[in-house]
Amino acid sequence: MDDDNEERTVIEDDFYTFLNVSRNATADEINNAYRRMSRLYHPDKHLEPLKKKEAEILFNKTKKAYEVLSDPHQRAIYDSLGTRGLETEGWEIVQRTKTPQEIREEYERLAREREERRLQQRTNPKGNVTVNINATDIFNKYQDEYDEIEQSGFPTIEVSGMSFSQSIEAPLTLQDTVTMAGSLSTQNGVGSGSINVSARRLISEKGWVEAEFGAGSGPMLSLKGFRTLTKRTFANATGLFQFTPVGIRPGLVTTIATQLDSHTVGYLTWRAGIHSSMATVLVRDTPTSHTSLTLQFGIPHSYVSLGYCHKMDDQELKLRTSLKAGTFGAILEYGAEKKVSQHTSIAASVVVGIPTGVTLKIKLSRANQTYNFPIHLCEEVLPSPVFYATVTPVIVWAVLKRLVIDPMVREQKERDKEKQREVNKSRITEKRREAKAAVNLMRATFARIRSDEEAKKGLVIVKALYGRLSATEGGGGEGDGEEETEVIDVMIPLQCLVKDSKLVLHEASKVRVPGSIPGEVKHVY
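Residues numbered from 1 in each chain as written. Predicted model: local features only at pLDDT ≥ 70, side-chain atom pairs only at ≥ 80, totals over all residues. Heavy atoms only, no water.

- As annotated in an unreviewed UniProt entry, the protein carries the name J domain-containing protein and is attributed to Timema monikensis.

Below, the structure is given as structure tokens:
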């Protein structure tokens with residue numbers, strides 16, 4: 001087993017290993033194993049106070065393992081979910097005749113009830129920050145024809161606009177959610193803002209309705225709905241009313257979508273109101289790629305666009321490109337997105353457009369927060385801004401990855417591993433003590449079984465080692481340095497498992513030899 005995996009695994013008791021029975025053991029096999037282990041660990045068989053106390057701990061553990069595995073209801077829970085399933089509240093009201101699949105479904109139901117109790121204390125904040133940067137002076141330096149003296153120095157880079165948006169969810173029940181959102185923006189010295197409150201209710205597994213009220217450039221009221229029509233088709237609609245000084249501006253957006261095959265979905269959208277349009281979208285999503293084709297006719301613009309994304313999951317990287325052309329001009333965009341950590345990703349893309357020019361977009365996503373930095377480099381399509389917009393992010397990423405990101409990721413992994421070690425440390429200490437106590441309590445039984453086996457010339461174990469055996473395997477068990485401390489003597493517990501001159505180790509026991517410690521390597525000599 002890999003060391004990293006061991007450190008990230010929370011150690012739990014394995015009742016099958018403790019009783020040395022297979023996972024499909026019958027009730028008689030479990031009873032026989034319980035009686036055999038009870039004879040080893042029963043407190044009345046040990047007179048010394050220390051051994052009696054240790055025997056009580058192991059005997060209680062034997063009883064616990066037997067109680068779980070001998071009860072079909074508890075055994076089904078344990079087999080499906082482990083000890084965490086046994087610790088879940090609410091099993092006492094569950095029917096005891098349920099199948100393993102029903103047990104898992106019941107566990108999920110109890111988990112949902114637990115989640116519902118936490119809903120009042122949970123929100124889902126989402127935020128977006130956009131900073132528009134005007135850096136056109138780098139490649140298109142503005143010169144006033146009235147200036148008599150040519151200015152020199154660094155080019156002017158300025159923030160031309162900023163916008164902030166934030167939203168939080170307030171789940172009331174599993175069916176009802178209230179969302180509050182607000183935004184502020186400024187562009188070339190002109191600012192605006194809005195606030196919105198919406199309430200969504202799940203009316204069934206097939207649909208939901210949502211009402212929203214907002215205030216910004218005037219009051220706004222909308223009603224949204226979603227409905228699954230068939231197994232492959234769904235539809236949604238939004239009705240909008242915006243109240244302005246010149247009157248009420250209504251709007252309507254409807255979309256119907258159908259799944260064409262296992263990876264392709266088609267959308268047909270109609271918009272009515274100030275901006276009217278009809279759009280058709282085809283989206284194909286596979287494990288390695290994402291492709292979309294859009295065709296829109298409307299006012300004020302009509303266009304066609306094609307986008308493609310190549311997914312490289314093994315490198316946690318996505319390569320994107322898109323082309324969009326219409327009555328407004330044409331735009332070509334290409335870029336990449338890289339996942340830096342579990343909750344963080346960074347993306348960069350170059351936008352080359354007519355008549356918009358060249359723009360470099362940088363996006364940083366951290367959990368539910370997104371930071372966008374569109375940098376306008378040039379108002380015309382020139383080779384130099386396109387080249388530098390493409391090459392500069394690659395060089396900066398390589399430097400940041402080597403000097404900043406990689407050290408941070410390694411440090412985070414070490415912190416996670418250290419945290420897991422601390423979680424398991426007390427468990428490992430307890431297991432070491434139990435293993436040592438078990439061996440001491442087995443000595444009398446060991447002597448009796450060995451004597452019987454010697455008398456009938458049966459199976460006598462003269463040496464048994466467990467642990468890292470690369471330095472000892474087949475060579476008598478003499479290790480040195482650190483490896484020597486990772487090998488333990490399991491002759492006594494294995495001899496105690498001998499019955500009728502046979503030693504049987506089931507799959508569960510092969511994972512952990514009786515008398516050994518969980519989480520350690522698994523080789524026996």
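Quick look at the overall build of the protein
(1) Moving on: Counting its secondary structure elements, the protein contains eleven helices and 19 strands.
(2) Moving on: Within the protein, the fraction of its 525 residues that count as buried is 31%.
(3) Moving on: For the protein, the exposed surface amounts to about 32600 Å²; the carbon and sulfur share of it is 57%. (Helix = DSSP H or I, 4+ residues; strand = E, 2+ residues; numbered from the N terminus. Buried < 20%, exposed > 50% of the residue type's maximum accessible area, 1.4 Å probe, protein only. Areas by Shrake-Rupley, 256 points an atom, 1.4 Å probe, with all protein chains shown as cover.)

Focus on the pattern of salt bridges
(1) Moving on: In the structure shown here, the tally under the stated rule is 13 salt bridges.
(2) Moving on: For the salt bridge of Arg-201 with Asp-176, the shortest nitrogen-to-oxygen distance reads 2.6 Å. On the criterion of sequence distance, the pair formed by Arg-201 in strand S4 (residues 190-204) and Asp-176 in strand S3 (residues 176-187) is long-range, its members being 25 residues apart.
(3) Moving on: A salt bridge links Lys-417 to Glu-414, with the shortest nitrogen-to-oxygen separation between them at 3.6 Å. Taken together, the positions of Lys-417 and Glu-414, both in helix H8 (residues 383-455) and three residues apart, correspond to about one turn of that helix. (Salt bridge = Lys/Arg side-chain N within 4 Å of Asp/Glu carboxyl O.)

Topic: the environment of Asp-28
(1) Moving on: Inspection of the secondary structure puts Asp-28 in helix H3 (residues 27-41).
(2) Moving on: Overall, Asp-28 belongs to the exposed group, its relative accessible area being 55%.
(3) Moving on: In the structure, Asp-28 is positioned 42 residues away from Ser-70 in sequence and 9.4 Å away in space, judged by C-alpha atoms.

Things to note about helix H4 (residues 49-70)
(1) Moving on: Between its first and last C-alpha, H4 extends 31 Å over 22 residues, near the 32 Å set by a 1.5 Å rise per residue.
(2) Moving on: The set of residues buried in H4 consists of Glu-54, Ala-55, Leu-58, Phe-59, Lys-61, Thr-62, Ala-65, Val-68 and Leu-69. (Expected span 1.5 Å × (residues − 1).)

Focus on the nonpolar core
(1) Moving on: Judged by nonpolar contacts, the single largest core of 36 residues is most densely connected at Leu-19, Tyr-41, Leu-58, Leu-69, Met-442 and Ile-492.
(2) Moving on: No other element matches the seven residues that H8 contributes to this core.
(3) Moving on: For this core, the domains that each give at least three residues are domain 1 (15-92) and domain 3 (419-474 + 483-524).
(4) Moving on: If sequence neighbours within four positions are ignored, Met-442 has contacts with Leu-40, Tyr-41, Ile-492, Pro-493 and Cys-496.
(5) Moving on: Core analysis: the second largest hydrophobic core is formed by eleven residues, Val-131, Val-350, Val-358 and Ala-389 among them. (Core = buried A, V, L, I, M, F, W, Y, C linked by side-chain atoms within 4.5 Å. Domains from an automatic or database assignment. Contact = heavy atoms within 4.5 Å.)

Quick notes on the confidence of the model for the protein
(1) Moving on: Of the residues in the protein, 80% reach a pLDDT of 70 or more, and the chain-wide mean stands at 81.
(2) Moving on: With pLDDT under 50 throughout, residues 1-8 is counted as low confidence; its partners more than four residues away or in other chains account for 13 contacts.
(3) Moving on: In the model, residues 474-485 has pLDDT below 50 throughout and makes 15 contacts with residues more than four positions away in sequence or in other chains. (pLDDT = per-residue confidence, 0-100.)

Focus on the side chain of Ser-277
(1) Moving on: Among the structural elements, Ser-277 can be located in strand S10 (residues 277-285).
(2) Moving on: You can call Ser-277 buried: its relative accessible area is 8%.
(3) Moving on: Discounting chain neighbours no more than four positions away, the residues touching Ser-277 are Thr-269, Trp-270, Arg-271, Gln-296, Phe-297 and Gly-298.

Some details on the pairing of strand S6 (residues 219-228)
(1) Moving on: Sheet analysis places strand S5 (residues 207-215) next to S6, joined by nine bridges and oriented antiparallel. By the bridge assignment for S6, Glu-210 is matched with Lys-224.
(2) Moving on: In this structure, the hairpin formed by S5 and S6 is closed by a connection of three residues, where Gly-218 is found at a positive phi of approximately 135°.
(3) Moving on: Direction of pairing for S6 relative to strand S7 (residues 233-244): antiparallel, over a ladder of nine bridges. Paired with Leu-223 across the two strands is Gly-239, which belongs to S7.
(4) Moving on: The antiparallel pairing of S6 with S7 creates a hairpin that spans four residues between the two strands. (Pairing = 2+ DSSP bridges.)

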